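Spelled out from the first residue to the last, the chains are:
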Amino acid sequence: MCLKDLQKYLEAEIDGASVPVNLIKIAMETVGSAPFHPGANALMPQNELNILVDGESCLDRLYGGFYSDWVCGGQWHRVVRFLCSLVPTMRNNKISMACYFDGTDGASRFEEWKDLQLKRRENVNLILRHIIAKGTPPPKIWWVPPTALRTCLSLALRHVTVPVLYSIEDHHQEVIGFCRERHFDALLADSADFAVFDPPRYLSASNLKLTNRGAIQTKELLLDVVARKLNLNPNRLVVFASLLGNHILPVSDLKDFHKRLVPEAKDESPTMKQLIPAVANFVRDLASIDSLTLVGASVFGSSADPRVAKFQKCVYYYMNGTSDSFRKFQNAVSIGAVGDSRPKAPGQEKVADKARATSPKTDVSSLPPVSKEVIRMASSRHARGLMSPYVYHLLTRGEICLPTLLEDEASRELPNIHKFYRPLRQNIYGILFNLYHHTFLANQDKEKKGELFIAKNSISSCPKSKDSDEAHQIPDIAIKEWVWCKGNEFKEPDHVRATSIGWAVPTVNTLWFGTGEDDIKRRMRAYLSCMRSDVQIMLNPAFVPQKLVILVSVLRYIMTEPHMQVLRPYELDAFLLSSFLPEIKDTEFTEDLTISPVTKRGVQLATLFMEGVEMAILANDVAGSPIPWQMVCPWLYFDGKVFQATLAKAFTSTSYQDLCDYRNDLILKLERLRKAVLDGLSNDVFAAPMLPSPRRPMYPHQEPSFPSNGRGARRGQSVSRGGPGGQLAVGGVVVGSWGPNPVARGRGRTRGPVSFPTRGRGQSRSVSTRKQKAPGTNPKKQQNGEGGSTSEEQENEIKTKRASGSVKKVSSSLDDQFGDAESTSAAVIKTVLDSEN
């Protein structure tokens, strides 16, 4: 039991404290009666009901409410549709809102952040077990925010022109300070801290909903009623809240005090029904709260107890957010200029000192200095939600906190996602802290030092230079990354060193502020280099449209992982095909779409991709935003539900045409995107196929099927007629077996020239992305009057090649006709050929 449970108790146990309200009716009552504050709120109109939304409390509500398919990766287009319905409804009824997200990344409340991540880790394990056991979406109680939800919501709110703001030091203090200073009419949140601060009107975020009749409903917490029901003076609420426990004075420090108040709890922790009335009675019976030292002594037994100082800090923390404190500081705090989206909150300097005391220890002295212009720009863009919050954290703290993701860390098929993208972040660190520039200066000083050494040996009377002994040193840029892993559950950070991207990348000042044409090109090259996608085809809009650059670069980064093959061919096709399907924008279609079963691998692949999008947006911001923010929005190229459906279809497709529903336009787009992802890569970048089982056949894209009528066979290739099957042995041990190859009929070929039926004649025309000889034709045999059928000479030729050990030539011959054979290893092909003979 702690302060975070207070609001639940007030809404559930105190009659009359929480009442349902309709925001439209409140707006009708407020508009025209509210006092006018000239110049106080440049962001929001004066003649409307202005509501400040705590984004951290409304992540699930802004997502569109709870949907059972959130584990699929995120329904981003549906999020935009929900906001496009909510925001116009509010504006049509004279309601305006601004959204404030937590940009501190857990710095001010690090212990609370760790506890939250560990709790989500438990939910993730329950979710994955549920998916494995039942193959259905998990229940609502295990809800975990989809990967990159905060970033996607920021982009979506910006898309519908809702002001977005990010906190810097202490989220709760900055939100309440901004609410009072800009004269907002209400605060929509779900944190008991805000209830103690006593905002103008406190609305419940968890009960927010948009009805079919166009009503915007929620519940309002009446704090005057709360104080009256608890029989407490409103001035004593700050003491009451401090004695319940929070991030400054944790519950563990108050354990003895709580047991003394609730002796019937014995060894167990008292429930909120027992503890809240007991603490209220204790605070009510205090003679005075003017001396916090005496109050602390009565709580902990002695004024010398170190917990008394924590208690005093906790009380001051809540007093700093009340309206009385705001009026005291109002004359001393400078009002933000017109158009500034985030003025300083009252008492922000004191709050910052308390935040640093509770945040993890940070030492940025070891990092190379960054110019003031870069810090100023990062701070401004961070506060307005125009940049990834990780950038400001890296520049000012030298560390980042990476949240828990929907993944199985014990998986052998897929990597740990945060560690998988660590090389990408290392490239980002090198650009942000000008690693190449420092290396260049160090090498230049070494050359000068060598020249001076030669000159000294030749001229002994050469005067000694002071600069000769002070050579520029390459800084050791090490960033602290807080990542959960087995054996290190946020106990200590990983020290990750920056790496160079391999070319003369400009300094971050040039990338951010350069206006020349070459600067624009270097920005894009810096981004592509971070994503291991610095190839010419990425700049060709005929292959990669601008809105798909993020998608293709993330997939190319996944495919170029040197230590592990991650994606299988049909999984790559599912990502690419789902990005331009028209169904990705049809929210009615996706709502009716049912994914059965939901697979663990599909869920983790979606998480892997969306975390890649998060890191790609970070790389884009560090490189100077060569891709406009309108082109990085995830709803342009990804929908979790459409991806899962496409992945299931790709797994069971019998041909390339079947996957694309025999649509020429889809096939051509897929081939071009696939070419961009795999350009310059070898054939062994795909993960090994799943071992076949008697219940489920091998994916057709990974098991080449040959033409059965003999007319499509090339020279040097035999025709499969449903052989006896084969076995896969590793080190003499059979690890897998499969039945005979399916006989291909007409369109059943995989990765050959794509055929489309023509109207009326029953024939087909061939479309291919590369030149190929027509199947079944041989100029020499046509001159001799022979057809293209398979002969015994060709089968003998295959056996001769295999006997001579040229398995690679046979494999490459198969790859020429069957483009998807690149995913099948040469050992599997050799085993299949041996079994058929």
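Residues numbered from 1 in each chain as written. Predicted model: local features only at pLDDT ≥ 70, side-chain atom pairs only at ≥ 80, totals over all residues. Heavy atoms only, no water.

Please explain the overall build of the protein as it appears in this structure.
Secondary structure summary: the protein contains 34 helices and 17 strands in total. Burial analysis of the protein (837 residues in total) assigns 54% to the buried set. Intrachain contacts of the protein at a sequence separation of at least 6 include 74% that bridge at least 24 residues. Just so you have it, the protein exposes about 38,900 Å², and 51% of that area is on carbon and sulfur atoms. (Helix = DSSP H or I, 4+ residues; strand = E, 2+ residues; numbered from the N terminus. Buried < 20%, exposed > 50% of the residue type's maximum accessible area, 1.4 Å probe, protein only. Contact = heavy atoms within 4.5 Å. Areas by Shrake-Rupley, 256 points an atom, 1.4 Å probe, with all protein chains shown as cover.)

Got a minute to help me understand the packing of aromatic side chains in this structure?
Each aromatic ring pair is characterised by the separation of its centres together with the angle its planes make. On inspection of all chains with the given rule, the structure shows 23 aromatic pairs. Between the aromatic rings of phenylalanine 609 and phenylalanine 638, the centroid separation amounts to 5.0 Å while the plane-to-plane angle is 40°, which identifies the pairing as tilted. Of this pair, phenylalanine 609 sits in helix H27 (residues 600–622) while phenylalanine 638 sits in the loop between H27 and helix H28 (640–652); the two residues are 29 residues apart in sequence, bridging distant segments of the chain. One exposure class covers both phenylalanine 609 and phenylalanine 638, and it is buried. (Phe/Tyr/Trp six-rings, centres within 6.5 Å; stacked < 30°, edge-to-face > 60°.)

I keep staring at the pairing of strand S3 (residues 95–101) and nothing clicks. Help me out?
Consecutive side chains of a regular strand alternate in pointing toward one face of the sheet and then the other. Taken across its 7 residues, S3 has 7 buried, putting it largely inside the fold. Residues Ile95, Met97, Cys99 and Phe101 point to one face of S3 and Ser96, Ala98 and Tyr100 to the other, with burial holding for every one of them. Of the pairings in the sheet, the one linking strand S2 (residues 49–54) to S3 comprises 6 bridges and is parallel in character. Each residue of the ladder has a partner; that of aspartate 54, found in S3, is tyrosine 100. Taken together, the 3 bridges between S3 and strand S4 (residues 164–166) define a ladder with parallel strand orientation. Its bridge partner lying in S4, tyrosine 100 is registered against leucine 165. (Pairing = 2+ DSSP bridges.)

So what exactly am I meant to see when it comes to the nonpolar core here?
Soluble, globular proteins show a tendency: their nonpolar side chains are buried together. Within the largest apolar cluster, 155 residues are counted, with the highest numbers of intra-cluster contacts made by Tyr421, Trp512, Tyr527, Leu555 and Phe609. Looking at this core element by element, the count peaks at 13 residues for H27. When residues no more than four places from it in sequence are discounted, the contact partners of leucine 555 are Leu567, Leu572, Phe575, Leu576, Phe609 and Val677. Membership of the second largest hydrophobic core comes to 61 residues, among which are Leu223, Val239, Phe257 and Val308. (Core = buried A, V, L, I, M, F, W, Y, C linked by side-chain atoms within 4.5 Å.)

Help me out: how do you make sense of the environment of asparagine 47 in this one?
Take asparagine 47: it is sitting in the loop between helix H2 (23–30) and S2. With relative accessibility at 45%, the residue asparagine 47 sits in the partly exposed group. Along the backbone, asparagine 47 and valine 31 are 16 residues apart, and their C-alpha atoms lie at a distance of 5.7 Å.

What am I meant to see in the packing of helix H24 (residues 549–559) against H27 here?
Each pair of packed helices can be described by the angle between their axes along with the distance between the axes. Where H24 meets H27, the closest approach of the two axes is 9 Å, and the angle between their N-to-C directions is 115°. By the angle class used here, H24 and H27 are roughly perpendicular. Between H24 and H27 lies a crossing of right-handed hand. Where H24 approaches H27, its residues Ile550, Leu551, Val554, Leu555 and Ile558 are matched on the opposing element by Leu608, Phe609, Gly612, Val613 and Ala616. Per-class residue counts for the contact of H24 with H27 are 9 nonpolar, 1 polar and no charged. (Axes fitted to C-alpha atoms, helices over the stretch in contact; angles between N-to-C directions. Parallel < 35°, antiparallel > 145°, perpendicular 65-115°, else oblique. Left-handed = near helix turned anticlockwise from the far one by under 90°. Nonpolar A, V, L, I, M, F, W, Y, C, P; charged D, E, K, R; others polar.)

I keep staring at the packing of helix H13 (residues 292–300) against helix H14 (residues 306–319) and nothing clicks. Help me out?
The N-to-C vectors of H13 and H14 enclose an angle of 125°; their axes lie 9 Å apart at closest approach. Regarding the angle of H13 to H14, the classification is oblique. The chirality of how H13 crosses H14 is right-handed. In this structure, H13 contributes Leu292, Thr293, Val295, Gly296, Ala297 and Phe300 to the contact, and H14 contributes Arg307, Val308, Phe311, Gln312, Val315 and Tyr316. Residue classes in the contact of H13 with H14 are distributed as 8 nonpolar, 3 polar and 1 charged.

Before we go on, may I ask you to explain H27 in this structure?
Since the α-helix advances by 3.6 residues per turn, residues separated by three or four positions end up pointing in the same direction. For H27, spanning 23 residues, the distance from its first C-alpha to its last is 33 Å, which sits close to the expected 33 Å at 1.5 Å a residue. With 22 of 23 residues buried, H27 is to be regarded as a mostly interior element. Just past H27, the residue glycine 624 takes up positive phi, approximately 100°. (Expected span 1.5 Å × (residues − 1).)

Hey, could you run me through the pattern of salt bridges in this one?
Pairs can form between side chains of opposite charge whenever their charged atoms are close. One pass over the full model with this rule turns up 27 salt bridges. Measuring nitrogen to oxygen at the nearest pair gives 2.9 Å for the salt bridge that ties aspartate 573 to arginine 674. Placement of aspartate 573 in helix H25 (residues 569–580) and of arginine 674 in helix H30 (residues 664–678) is noted, with a sequence separation of 101 residues between them. The exposure classification of aspartate 573 matches that of arginine 674, with both residues buried. One salt bridge in this structure joins lysine 649 and aspartate 661, with 2.5 Å as the shortest N-O distance. Separated by 12 residues along the polypeptide, lysine 649 in helix H28 and aspartate 661 in the loop between helix H29 (656–659) and H30 bring together distant segments of the chain. Its relative accessible area of 29% is what places lysine 649 among the partly exposed residues. When its relative accessible area of 45% is taken as the criterion, aspartate 661 is described as partly exposed. Ionic contacts of the salt-bridge type, sharing partners, join the residues Glu413, Arg568, Glu571 and Arg601 into one network. (Salt bridge = Lys/Arg side-chain N within 4 Å of Asp/Glu carboxyl O.)

Before we go on, may I ask you to explain the sheet that holds strand S10 (residues 478–482) in this structure?
Reading across the sheet, the 3 strands line up as S9-S10-S13 and stay open at both edges, with mixed pairing between neighbours. Since the sheet does not close on itself, it has two edges, and those belong to strand S9 (399–401) and strand S13 (494–497), each with one partner. Averaged over neighbouring strand pairs, the angle between their axes works out to 30° when direction is ignored. Bridge count between S9 and S10: 3 bridges; the pairing is parallel. Looking at the pairing, cysteine 401 lines up with tryptophan 482 of S10. Where helix H18 (residues 389–396) meets the sheet, it contacts S9 and S10, and its direction lies at approximately 140° from that of S9.

Before we go on, may I ask you to explain the confidence of the model for the protein in this structure?
Should pLDDT be low for a region, the predicted coordinates there are not to be read in detail. Scored by pLDDT, the protein has a mean of 79; 73% of the residues are at 70 or more. Under a pLDDT of 50 for its full length, residues 333–361 has, in the predicted model, 64 contacts with residues more than four places off or in other chains. Every residue in residues 464–468 is under pLDDT 50, and counting partners more than four places away or in other chains gives 5 contacts. (pLDDT = per-residue confidence, 0-100.)

Any chance you could explain unusual backbone geometry here in plain terms?
Generally, phi is negative for residues other than glycine and the peptide bonds are trans, each holding for most cases. Omega for the peptide link from serine 596 to proline 597 comes to 0°, which places this bond in the cis form. One can find proline 597 in the loop between helix H26 (587–592) and H27. You will see that lysine 94, though not glycine, has its phi angle at about 65°, which is positive. Along the chain, lysine 94 falls in the loop between helix H4 (76–92) and S3.

Please explain H18 as it appears in this structure.
Among the 8 residues of H18, 7 are classified as buried, and the element is accordingly described as predominantly covered. Where H18 ends, the next residue or the one after it, glycine 398, has phi of about 70°, a positive value.

Can you walk me through the environment of serine 96 in this structure?
Relative to the elements of secondary structure, serine 96 occurs in strand S3. The exposure class of serine 96 is buried, given its relative accessible area of 11%. Separated by 49 residues in sequence, serine 96 and asparagine 47 place their C-alpha atoms 9.8 Å apart. In contact with serine 96, not counting residues within four places along its chain, are Met44, Pro45, Glu48, Leu49, Asn50 and Ile51. In this structure the side chain of serine 96 is engaged in a polar contact, spanning 2.2 Å, whose partner is the side chain of glutamate 48. (Polar contact = N/O pair within 3.5 Å; in protein donor to acceptor, adjacent residues only side chain to side chain.)

Would you explain the side chain of glutamine 117 in this entry?
Assignment of secondary structure puts glutamine 117 in helix H5 (residues 110–134). Leaving out residues up to four positions away in the same chain, glutamine 117 has contacts with Pro403, Thr404 and Phe490.

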